[in-house]
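Working through the structure, step by step
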There are 2 protein chains.
Amino acid sequence: MDAVNKMEVLKSYIETKGLKSTAQRDFIADTFFKTNTHISLDELLKKVKRKTPGIGYATVYRTMKLLTESGLAIARQFGDGQTRYENLPEDGHHDHIICIKCSKIAEFHNQKIEQLQMEAAKKLGFTVVNHKLELYGYCPDCV
Amino acid sequence: MDAVNKMEVLKSYIETKGLKSTAQRDFIADTFFKTNTHISLDELLKKVKRKTPGIGYATVYRTMKLLTESGLAIARQFGDGQTRYENLPEDGHHDHIICIKCSKIAEFHNQKIEQLQMEAAKKLGFTVVNHKLELYGYCPDCV
DNA sequence: ATAATAATGATTTTCATTTTCAATTGCAAG
DNA sequence: CTTGCAATTGAAAATGAAAATCATTATTAT
């Protein structure tokens, strides 16, 4: 899903919820949709302010909350005490590996792992609807 | 490893680090070692204060930091905005599966998953030192 | 016993959110 | 096009968990 389509999904979410559309929110959302990093609120605010200095922190905060609710963004905690937001991935779910030295984040996906997870859950009588897998270690640059 | 042995590990950790042993820290540690829930600082403080009202938040905080450093406790974030501490498991590392309806937490371990994680990381040039795997779903009681 | 240093506990500070509030804006009905 | 109501905004204040400060107390090696 590209930025344009995400914008449409957002519009219809706003409509269903009886909310109103505003230039600020549209711009923040659009800016976020065009990022592909795991961006923090501060980083996004800085990015947004470059073109629209008037926008405040609270509006960015509220917009990201809205995007998270609507499923267009994923909020993640990688242990550095900051929430980071990730765009809804093109090609389905993926997991993360985080460098504990430089904080670089890489992504990976392994179908076999997912399958083993399901099996492990089943053994305990659980049904999995979601999961979070994060590996922490050193990236190639940090040995 | 039982509470007594953990206490000994703590003692030697303290010794190696050139720290001093105190009644407060021993009591906090002992109290923690005897819990088997994922306890928060506030909960632990409350528990400790029942027998030793004089102990302050900061001491509990610092003791849990020490236990985490020494590997005797594991700090976890389950997304409720509070750090929770878990005792070093008897039988090595395990992962968690959390019921999204009743919040029940079950534990499991799968060596094959760990191995696949290592491989996935290696493919990206990373070295894994730690990981976090959480499955979210429904427990047997919640369908 | 003494000196050096770590620990304690109350308090303050930090920092990332989260909320408040007055002013503004969007939108639907008339 | 106006009007009124409800949502939105941005600045500022509040919140809350974690971390730091600091004067006092306690521990340990000598």
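What counts, and where the lines are drawn
- Residues numbered from 1 in each chain as written.
- Chains lettered and ligands numbered in written order.
- Predicted model: local features only at pLDDT ≥ 70, side-chain atom pairs only at ≥ 80, totals over all residues.
- Heavy atoms only, no water.
- Patch = residues over 30% accessible without salt bridge, like charges linked within 9 Å, V, L, I, M, F, W, Y side chains within 5 Å.
- Areas by Shrake-Rupley, 256 points an atom, 1.4 Å probe, with all protein chains shown as cover.
- Salt bridge = Lys/Arg side-chain N within 4 Å of Asp/Glu carboxyl O.
- Lys, Arg positive; Asp, Glu negative; His and termini not counted.
- Charge placed at Lys NZ, Arg CZ, Asp CG, Glu CD.
- Helix = DSSP H or I, 4+ residues; strand = E, 2+ residues; numbered from the N terminus.
- Near = heavy atom within 4 Å.
- Polar contact = N/O pair within 3.5 Å; in protein donor to acceptor, adjacent residues only side chain to side chain.
- Nonpolar A, V, L, I, M, F, W, Y, C, P; charged D, E, K, R; others polar.
- Domains from an automatic or database assignment.
- Contact = heavy atoms within 4.5 Å.
- Buried area = accessible area lost by both parts, 1.4 Å probe.
- Least-squares fit on C-alpha atoms with pLDDT ≥ 70 in both.
- Axes fitted to C-alpha atoms, helices over the stretch in contact; angles between N-to-C directions.
- Left-handed = near helix turned anticlockwise from the far one by under 90°.
- Core = buried A, V, L, I, M, F, W, Y, C linked by side-chain atoms within 4.5 Å.
- Buried < 20%, exposed > 50% of the residue type's maximum accessible area, 1.4 Å probe, protein only.

Attention now moves to a negative patch on the surface. On the surface, D2(A), E8(A), E90(A), D91(A) and E107(A) cluster together to form a negatively charged patch. Checked against the element boundaries, E8(A) lands in helix α1 (residues 3-16).

With that settled, consider the protein's contact with DNA strand D. Among the 20 residues in the neighbourhood of DNA strand D, the closest are listed as K20(A), T22(A), R25(A), T59(A) and R62(A). Sugar and phosphate atoms constitute 72% of the interface atoms of DNA strand D, taking the interface as everything within 4 Å of the protein. Contact distances for DNA strand D include 2.6 Å between a base nitrogen and a side-chain N or O atom of K20(A). Those elements that place two or more of their residues in the surface near DNA strand D are α2 (23-33) and α4 (57-69) of chain A together with α4 (57-69) of chain B. Per-element accounting of the surface near DNA strand D gives the leading share, 4 residues, to α4(B). In terms of residue class, the surface near DNA strand D is made up of 6 nonpolar, 9 polar and 5 charged.

The next point concerns the protein's contact with DNA strand C. Around DNA strand C, the structure places 21 residues, and the nearest of them are K20(A), K20(B), T22(B), T59(B) and R62(B). The sugar and phosphate moieties of DNA strand C supply 69% of its atoms located within 4 Å of the protein. Here a phosphate oxygen of DNA strand C sits 3.2 Å away from a polar atom, N or O, in the side chain of S21(A). In the model, a phosphate oxygen of DNA strand C is placed 3.5 Å from a nitrogen or oxygen of the G56(B) main chain. Breaking the surface near DNA strand C down by element, the ones donating at least two residues are α4 of chain A together with α2 (23-33) and α4 of chain B. Looking at the surface near DNA strand C element by element, the count peaks at 4 residues for α4(A). Tallied by class, residues from the surface near DNA strand C come to 6 nonpolar, 10 polar and 5 charged.

Let us now look at the domain arrangement of chain A. Many structure descriptions define interface size as the accessible area lost when the parts assemble. Residue and element names in this part refer to chain A. The assigned domain composition of chain A is domain 1 (3-87) and domain 2 (95-142). The C-alpha centroid of domain 2 is placed 25 Å from the C-alpha centroid of domain 1. Tallying the contact residues gives 5 residues for domain 1 and 6 residues for domain 2. Interface area for domain 1 against domain 2, summed over the two sides, is near 520 Å², with a carbon-plus-sulfur share of 58%. Ranking the residues of domain 1 by area buried against domain 2 places H38, R76 and F78 at the top, with a combined share of 78%. At the junction of domain 1 and domain 2, the tally comes to 0 salt bridges. For the pair domain 1 and domain 2, the interface holds 3 residue pairs in polar contact (both at pLDDT 80 or more).

In screw terms, the move from chain B to chain A is a rotation of 179° and a rise of 0.2 Å along the axis, fitting with an RMSD of 1.3 Å. Both copies of the chain, as the preceding transformation shows, are related through a two-fold rotation axis. By C-alpha distance to the rotation axis, the residue of chain B lying nearest is L133(B), at 2.3 Å. Here 100% of the interface residues in chain B have copies in chain A that are interface residues too; the copies meet face to matching face.

Residues and elements named next belong to chain B. Close contact between helix α3 (residues 41-51) and α4 brings their axes to 10 Å; oriented N to C, the two are set at 115°. As α3 runs across α4, the sense of the crossing is right-handed. Between α3 and α4, the contacting residues are L41, D42, L44 and L45 on the first element and Y57, V60, Y61 and M64 on the second. Broken down by class, the residue content of the contact of α3 with α4 amounts to 7 nonpolar, no polar and 1 charged.

Generally speaking, a soluble globular protein has its nonpolar side chains buried in company with each other. Formed by 28 residues in total, the largest nonpolar core has its most connected members in I97(A) and I97(B). For this core, the elements supplying multiple residues, two or more each, are β4 (95-99), β5 (105-108), α5 (111-123) and β6 (127-138) of chain A together with β4 (95-99), β5 (105-108), α5 (111-123) and β6 (127-138) of chain B. Leaving out residues up to four positions away in the same chain, I97(A) has contacts with K104(A), I105(A), A106(A), F108(A), L135(A), A121(B), L124(B), F126(B) and V128(B).

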